[in-house]
Each structure stands twice: as C-alpha cells, then as structure tokens.
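# Descriptive analysis of the structure
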Amino acid sequence: PTHRASPAPLLRRAAPGLDTRLDRPPAASLQMSLLPTLPAALDSTVSFIIPRIALKQALLPIIVVVVLCVLAAVPLSPSITTEDPVVPEDQLSPEYDKQSKLKKALGLQRRVFTSVALGALVSAWIFSGTWAFAVVLGWVGSRGLLEYYALAEASQGCRPAKKCGIFALAAMITTACGTAYGLPFAYTDCVLPLAYIGILGYLITLKRTEKATIADVQTTFMGIFYVGYLASFWVRLRALGAIPANDVYAMVFTSPSSILNSVPMWFNPDVFTQGAIVTWWTMISIAAADVGAYFTGKNFGRTKLAEATGITISPNKTLEGFFGGIALCSLFTTTGAKLMCWPLWWLTGPAYGVMISFLALLGDLTVSLFKRDAGVKDTGNLLPGHGGLLDRVDSYMLTAMPVYYFVKLISQWVPR
C-alpha cells in the first residue's frame, strides 16, 4: 500500500501555531480543551469592546484632557478661598451692578474650578484599578445614600435603616468587582433581594418606641436600589476587558517595561481595562451634556421645558438647553466611538449620546423631585458651588445600567 505522509509538517509551515495541537493525541486535546488556564477563563468572561489597534488612539486624548484640567485648575484655585463681594441692598447704588457682577463671576470661577478639578481626579480614579475604583465609588455612594435618606426624613418623617443600607451598598459594590476575575454577576444580583429580606427582618424585630412603617422599609430599599445597585454597573463596566499593564506601557512609550513584567499576574486585570476607557468616555460625555445644556439654555433658552413637555419639576430648564446638551454629548460620544473603532461608529456614537443625554436629564429631574419634596435647595454642601454629592452625580445615577448593556450589545460586532 502507498504510504501517505502526515499532513502535520505541511500545516506547521502554513500555521506554526498548530504544532502542539497536531501532535497531541485526541484524548489529550479533549482534556486540555476542558481545562482552560486561568487567563483564558478570565478572557472568556468579558467582551472585547475595543480593538487592540484602537487602544492607543482612544487612550491618548484622555491623557491630554487630564493635563488640561490640571493646568486650568491652578489659576482658578484662589477663587475657593476668596470671600464673596458684599452687594449693597440698594439696587440704585453705583456699587450694586459692579459687586453683583463680581459675585456672579466668582461663583462661575468656583464652579469651573470644581468641575476641572473633579475632571482630573475622576480620570485618575477611573484608571486607578478596579478595587480602588470600587472603594471610592463605595465612599461616594455611602455619602449619597445618607443624603438621600436625609431628604426622605425631611420629606416623609420616616426612619430608614441607614446602617443596613450602607452595608448592602458595600456588598453590591464589592461583589461587582468580581467581574475582573470572572465571577458571575449572580453574586451581585442576589444581594438586592437578600438585602430586602434582611431589612424587613431588622425593622420588624428592632425594639423602637414606635413601630416600623411602610415608609421606613421602602425608603431604605429605594436608597439601596437607587444609589447602590444601579451604581454597581459602573464597576461592572469598568472591569470589562482586562489589558496587561505592560501592553499599556508599550502603547504609550513604544517599548515594554521590565518593571511591569515583574508585577504579579493578578495585578494586571485589576488596573488596566478596556472598560475603564469606555467608562471615561461615557462619564465625560455625561458631563458634556450638563455643560451643553447649561450654557445653551442660559444664552439661547426661550422655551421652558414645562411648557413643551408639562414637566414642572425644574422650571428653569429649557428645551433649547436640552437639545444643546444632546448635541455636545453626541459630539463626545461620536468622537469616542470613532477612536474606539465601534462598529458603525457614525450611528452607534450619536445613538449612545442621545441615550445617555435622556438618562442624564431623567436623573437630574429625579433628584430635583427629591429636593422639592423635601423643601431644600441642595442635597448637601460638600462641594463648593455644586451642593451635595447627589447634586453632582445625579446625571450618572440612571445611566450606568443601560450604558453597560449597550456596550455589551455592540461588543458582539467589535473586531479583535
């Protein structure tokens, strides 16, 4: 019989990567396929949301923006400690117009300083690692949760279980970090119903002079859902698509780093991720929607949102401001989609911008509803010129979950 040569040598020359698979017995191949290594298992749990060729061009604008924020914050920093000008009560006084303008200008400087300083700090926070991101988000969430409970107490006279709420928030944020290591989301999703059961048991068995009410239970749970559960999607998004630290260094400095090569493997997925890049572009786009809405409404606003839509919660908002916010937000999201090489970027980018603009407005109106019901102007006084934390992050509260699933959806068509 004619001896037939093995096709392995030919296939090796055509595809050298097939060497081990061609020489391995079928049983061994099956065993190896059933026993993936840890990095492979981690890679299978996340979506590839940015092509490798686009990582550098999506990352460099972030570095430029951070540098500009720092440079802009330095000359504006004295406005924080400057005393407000004294405006005369007599409007006919020659000093009235002058002092009024100075006071408005000082207020604007404070707002701009707070914005650019937060821009630099938030950028550093996003790229500080999944656990560092989660820790800061947990702190912000706990402060925001307490502000929400304070609004509810002022409005309804209820007594929410604050400690239970903070504990549940911490549990959801912590379990969401498992995304970076391939843990299923079920651990995060099960915290919400378990927290509700625990809160019921706690309030029913707690010895108080007055009995627990429906308002106590629902206020506690609403805070956990609104501030904790929805915010956990930012952690999930940020943890997607781990990038080895040395790859990021090589992208920026064109050569690998021996120092980063020596870093333990468990450190890499926790620090640099594709999700961090998407998170930064998303958050700056939400900020752009707020800025665009504010300046467009202030300079060109004619049609009140209440007149056009019947929404009377925030009477100063205008339809022109809303569309100005959509325009600027869509500009940023389309730029980000182009740089990240999203499929059909000219369509997915604007769609992404319109979606988060609507959600940002809804989040803003939601906090305005809370404040109006509680009879307060701000949720707190932590941030100069911006009020409390909920006043600053209201536009980000309702966007996290839809943004996460939007990115997961389009990631199915992103080339590697």
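Residues numbered from 1 in each chain as written. Predicted model: local features only at pLDDT ≥ 70, side-chain atom pairs only at ≥ 80, totals over all residues. Heavy atoms only, no water.

### Quick look at the overall build of the chain
Looking only at helices and strands, one finds 22 helices and zero strands in the chain. Within the chain, residue pairs in contact and separated by at least 24 positions form 75% of the contacts whose partners lie at least 6 positions apart. For the chain, the exposed area adds up to about 22300 Å²; of that, 68% sits on carbon and sulfur atoms. (Helix = DSSP H or I, 4+ residues; strand = E, 2+ residues; numbered from the N terminus. Contact = heavy atoms within 4.5 Å. Areas by Shrake-Rupley, 256 points an atom, 1.4 Å probe, with all protein chains shown as cover.)

### Quick notes on the pattern of salt bridges
One pass over the structure, following the stated rule, counts five salt bridges. Here E153 makes a salt bridge to K162, at a shortest N to O gap of 3.4 Å. On the basis of relative accessible area, K162 is assigned to the partly exposed category, the value being 32%. The shortest N-O distance in the salt bridge between K371 and D391 comes to 2.9 Å. You can see K371 sitting in helix α20 (residues 345-374) and its partner D391 sitting in helix α21 (residues 389-397), a full 20 residues away along the chain. Judged by relative accessible area, K371 falls into the buried class, the value being 14%. (Salt bridge = Lys/Arg side-chain N within 4 Å of Asp/Glu carboxyl O. Buried < 20%, exposed > 50% of the residue type's maximum accessible area, 1.4 Å probe, protein only.)

### A look at a nonpolar patch on the surface
A cluster of nonpolar residues, L60, I63, V64, V67, L68 and L71, forms a patch on the protein surface that exposes about 520 Å² of accessible area. Mapped onto the fold, V64 is located in helix α5 (residues 55-76). The exposure class assigned to V64 is partly exposed, which follows from its relative accessible area of 47%. (Patch = residues over 30% accessible without salt bridge, like charges linked within 9 Å, V, L, I, M, F, W, Y side chains within 5 Å.)

### A word on the nonpolar core
One broad trend across soluble globular proteins is that nonpolar side chains are buried collectively. In terms of nonpolar packing, the biggest core is built from 72 residues, with W234, I277, V278, W281 and W342 touching the most fellow members. By residue number, the principal contributor to this core is helix α17 (residues 274-300), which donates nine residues. With residues near it in sequence (within four places) discarded, W234 still touches F133, L137, T279, T282, M283, I286, Y396, T399 and A400. One finds L76, V116, A117 and A120 within the second-largest nonpolar core, a separate group that totals seven residues. (Core = buried A, V, L, I, M, F, W, Y, C linked by side-chain atoms within 4.5 Å.)

### Section: the packing of aromatic side chains
Working definition: an aromatic ring pair is given by the centre-to-centre distance plus the angle between the planes. Under the criterion given, the structure shown has 18 aromatic pairs. Pairing Y148 with Y226 gives two aromatic rings, centres 6.3 Å apart and planes at 45°, and the pair type is tilted. In this pair, Y148 is assigned in helix α8 (residues 130-156) and Y226 in helix α12 (residues 214-229), connecting sequence segments 78 residues apart. With a centroid separation of 5.5 Å and 90° between ring planes, the pair formed by Y229 and F233 is classed as edge-to-face. Here Y229 matches F233 in class, with each residue buried. (Phe/Tyr/Trp six-rings, centres within 6.5 Å; stacked < 30°, edge-to-face > 60°.)

### A word on helix α9 (residues 162-176)
The first and last C-alpha atoms of α9 sit 21 Å apart over 15 residues, in line with the 21 Å expected at 1.5 Å per residue. Every buried residue belonging to α9 is among G165, A168, L169, M172, I173 and A176, and all of these are buried. Around the axis of α9, the buried residues are gathered within 130° of arc, so they sit on the same side. More than 90 degrees from the buried face of α9, the exposed residues found are K163 and F167. (Expected span 1.5 Å × (residues − 1). Arc of directions from axis to C-beta.)

### Observations regarding the packing of α8 against α12
Relative to each other, α8 and α12 sit at 145°, their axes nearing to 10 Å. Pair α8 / α12 crosses with right-handed handedness. In contact with G141, G144, L145, Y148, Y149 and A152 of α8, α12 contributes T219, T220, M222, G223, I224 and V227. Class assignment for the residues of the contact of α8 with α12 results in seven nonpolar, five polar and no charged. (Axes fitted to C-alpha atoms, helices over the stretch in contact; angles between N-to-C directions. Left-handed = near helix turned anticlockwise from the far one by under 90°. Nonpolar A, V, L, I, M, F, W, Y, C, P; charged D, E, K, R; others polar.)

### Examining empty space enclosed by the protein
Using the criterion set out here, one finds one cavity of 30 Å³ or more in the structure. Looking at the largest cavity, its volume works out to about 40 Å³. In terms of lining residues, the largest cavity is bounded by V278, W281, T282, S285, F332, T333, G336, M340, W342 and Y352. Listed by contribution, the elements that provide at least two residues to the lining of the largest cavity are α17 and α19 (319-339). Per-element tally for the lining of the largest cavity: the top contributor is α17, with four residues. Of the residues belonging to the lining of the largest cavity, the class tally is six nonpolar, four polar and no charged. (1 Å grid on protein atoms, 1.4 Å probe; cavity = no way out; pocket = protein on both sides within 12 Å on 5 of 7 lines; lining within 4 Å. Points joined across faces, edges and corners; volume = space filled by probe spheres on them.)

### Details of the environment of K162
Following the sequence through the fold, K162 ends up in helix α9. Separated by twelve residues in the primary sequence, K162 and A150 place their C-alpha atoms 9.9 Å from one another. If we ignore the near neighbours within four places in the chain, the residues touching K162 are L146, Y149 and E153.

### Some points on unusual backbone geometry
Despite not being glycine, C341 has its phi angle at roughly 55°, a positive value. One can find C341 in the loop between α19 and α20. For C341, a relative accessible area of 27% corresponds to the partly exposed category. Its identity as a non-glycine residue notwithstanding, L344 has a phi of 50°, on the positive side. Relative to the helices and strands, L344 is located in the loop between α19 and α20.

Read these as spatial facts, not as claims about activity.
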